[in-house]
Amino acid sequence: MIILIMNISLFKRSWRKFYKRAFGTTFIILTFMTLIDQGLANPLFASKIVGMKTLIGAFLNIFYFSIGSGLLAILALVIMTIATKEN
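Residues numbered from 1 in each chain as written. Predicted model: local features only at pLDDT ≥ 70, side-chain atom pairs only at ≥ 80, totals over all residues. Heavy atoms only, no water.

Asker: Got a minute to help me understand the overall build of the protein in this structure?
Answerer: The helix and strand tally for the protein stands at two helices and zero strands. Counting only C-alpha atoms, the protein reaches 60 × 20 × 20 Å along its principal axes. Excluding contacts between residues fewer than 6 apart, the proportion of contacts in the protein whose partners are at least 24 apart in sequence is 74%. Of the roughly 6,700 Å² of accessible surface on the protein, 74% is carried by carbon and sulfur atoms. (Helix = DSSP H or I, 4+ residues; strand = E, 2+ residues; numbered from the N terminus. Contact = heavy atoms within 4.5 Å. Areas by Shrake-Rupley, 256 points an atom, 1.4 Å probe, with all protein chains shown as cover.)

Structure follows, in structure tokens:
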């Protein structure tokens, strides 16, 4: 019989920090990439921002990717919580 000992205190202490760090990092990197990409003749990452509709679309893409990155960080923390033992 395998006893699963989870480190729940790790999750309780760290989930906000993990989410905020992943969200912030992704937001900054994607914003920088979009700004650099707009200077190119043929943008690689996002479509050329020529109006308010494409500007809002670019902001929403950055925001959605940042939320997804934060959720992936939470998933990684859950795996770490399951894999480690409480001290």
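Asker: I would appreciate a short explanation of the side chain of Thr81 in the present structure.
Answerer: Examined against the element boundaries, Thr81 turns out to sit in helix α2 (residues 52-83). Apart from the residues within four sequence positions on either side, Thr81 is in contact with Met6, Asn7, Ile8, Leu10 and Phe11.

Asker: Hey, could you run me through the environment of Leu40 in this one?
Answerer: Topologically, Leu40 is positioned in the loop between α1 (8-38) and α2. Each C-alpha atom of the pair Leu40 and Phe18 lies 33 Å from the other, and the pair is 22 residues apart in sequence.

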